[in-house]
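Descriptive structure summary
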Amino acid sequence: MSGKYLVTGGAGYVGSVVAQHLIEAGHEVVVLDNLSTGFREGVPAGASFVEGDIRDAAKWLDSSFDAVLHFAAFSQVGESVVKPEKYWDNNVGGTLALLAAMREAGVRKLVFSSTAATYGEPEEVPIVETAPTRPTNPYGASKLAVDHMITGEAGAHGLAAVSLRYFNVAGAYGSCGERHDPESHLIPLVLQVAQGRRDAISVYGDDYPTPDGTCVRDYIHVADLAEAHLLALDAATPGEHLVCNLGNGNGFSVREVIETVRQVTGHPIPEIVAPRRAGDPAVLVASAATARERLGWNPARADLAGIVADAWAFAQHKE
Ligand SMILES: NC(=O)c1ccc[n+]([C@@H]2O[C@H](COP(=O)([O-])OP(=O)(O)OC[C@H]3O[C@@H](n4cnc5c(N)ncnc54)[C@H](O)[C@@H]3O)[C@@H](O)[C@H]2O)c1
Ligand SMILES: O=c1ccn([C@@H]2O[C@H](COP(=O)(O)OP(=O)(O)O[C@H]3O[C@H](CO)[C@H](O)[C@H](O)[C@H]3O)[C@@H](O)[C@H]2O)c(=O)[nH]1
């Protein structure tokens, strides 16, 4: 059955890919985005676009919407350390206003972009959803605060809600891909070296307690992530706040990522060992057992070379 969905942040990386998947599944999509970090041309053809802020969501939400998929947020970990107030204001204040607008309009289903950053330094990997949540930066803390707000909204007001805790999102889907400015994520930065836009990639620390000394992360293809959002819309249950990790359960080190980019692009990719980046856990790998069981999610694009190849095709296309 086709539905009508408000996609906040649909001019950004993940939101645009999910909006595209919703359109391909025959749904009606309205993107609400203030273009603070997103791009008008990133909104998929076939979606309606409203340029506006989530704090004003009440202007556009009405009972004709079946659900909200909420991506709009600031998400630069480093910036959040120096400007925490910006993160509390937009991520927490903005979502508070959005939840009020949803209540007012009678829209009772929400899928929220949460993050592995809610866990902080893990005691055990793979990380399960019941692991302690001790974020190491204001970005993660703001996302955890929103998760708590949503739990309250479900319990008190019957919202059907799913928080999806993404691990390291990567890859692209057709003309929708990653173009953060400034870019801080490893794969697009290494691809900039392959394109000649940077001389070398900095490896942030090679003295971690990992097999090659560099940090290990769980890279998940953005199209697999998008499919989980569509499944979450079906799985959401009134009065319940379901939290699911999204990752492949495989860890790749920074050096393995760089080597994979060498193989995919044929470029030598010079690397420079730099100091550790503050707040980086050594290993972040997801247990996605909950997503598999509760959503029926089955990620199909776990191969790192395939993820990098899709990101590479997008990076060349947008030049
Ligand atoms: N990319 C990742 O690796 C990753 C990992 C974990 C979680 N997340 C979460 O996923 C979501 C999307 O991330 P992304 O990488 O696509 O980021 P992005 O910056 O590309 O997209 C965010 C979008 O939200 C919009 N936006 C921000 N504040 C807004 C507001 N107040 N009103 C309206 N629009 C607003 C921006 O203009 C942008 O288009 C974020 O919530 C982020 O925290 C991303
Ligand atoms: O130039 C770079 C960039 C990154 N890295 C390293 O590469 C790994 C991956 O870094 P990213 O910045 O690509 O991703 P993060 O693991 O820091 O961040 C991801 O996971 C976080 C949770 O911890 C948040 O959810 C965030 O939004 C999401 O992108 C880290 O070990 C980082 O230190 C480098 O060595 N050099």
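Since the model is a prediction, treat every value here as computed from it, not as a measurement.

Let's shift gears to the pairing of strand E4 (residues 67-70). Side chains Ala67 and Leu69 project from E4 onto one buried face, and the interleaved Val68 and His70 project onto a second face that is buried too. Here four bridges tie strand E1 (residues 4-8) to E4, and the two strands are oriented parallel to one another. When the sheet's bridge partners are listed, Thr8 is paired in E4 with His70. Relative to strand E5 (residues 109-115), E4 is paired through three bridges, and the arrangement is parallel. Opposite Val68, over in E5, you have Leu110 as the bridge partner.

Turning our attention to empty space enclosed by the protein. The final tally for this structure, using the stated rule, is one cavity of 30 Å³ or more. Looking at the largest cavity, the residues that line it are Tyr119, Glu121, Pro122, Glu123, Ile127, Ala131, Pro132 and Arg134. Of the residues contributing to the lining of the largest cavity, the split by class is five nonpolar, no polar and three charged.

Below, the discussion takes up the sheet that holds strand E12 (residues 252-253). One open sheet accounts for three strands, arranged E12-E9-E14; its pairing is mixed. The two strands at the open ends of the sheet, each matched to only one other strand, are E12 and strand E14 (283-284). Pairing between strand E9 (residues 216-217) and E14: two bridges, direction parallel. From the neighbouring strand, Val216 faces E14, where its bridge partner is Val283.

The rules behind these values
Residues numbered from 1 in each chain as written. Chains lettered and ligands numbered in written order. Predicted model: local features only at pLDDT ≥ 70, side-chain atom pairs only at ≥ 80, totals over all residues. Heavy atoms only, no water. Buried < 20%, exposed > 50% of the residue type's maximum accessible area, 1.4 Å probe, protein only. Helix = DSSP H or I, 4+ residues; strand = E, 2+ residues; numbered from the N terminus. Pairing = 2+ DSSP bridges. 1 Å grid on protein atoms, 1.4 Å probe; cavity = no way out; pocket = protein on both sides within 12 Å on 5 of 7 lines; lining within 4 Å. Points joined across faces, edges and corners; volume = space filled by probe spheres on them. Nonpolar A, V, L, I, M, F, W, Y, C, P; charged D, E, K, R; others polar.

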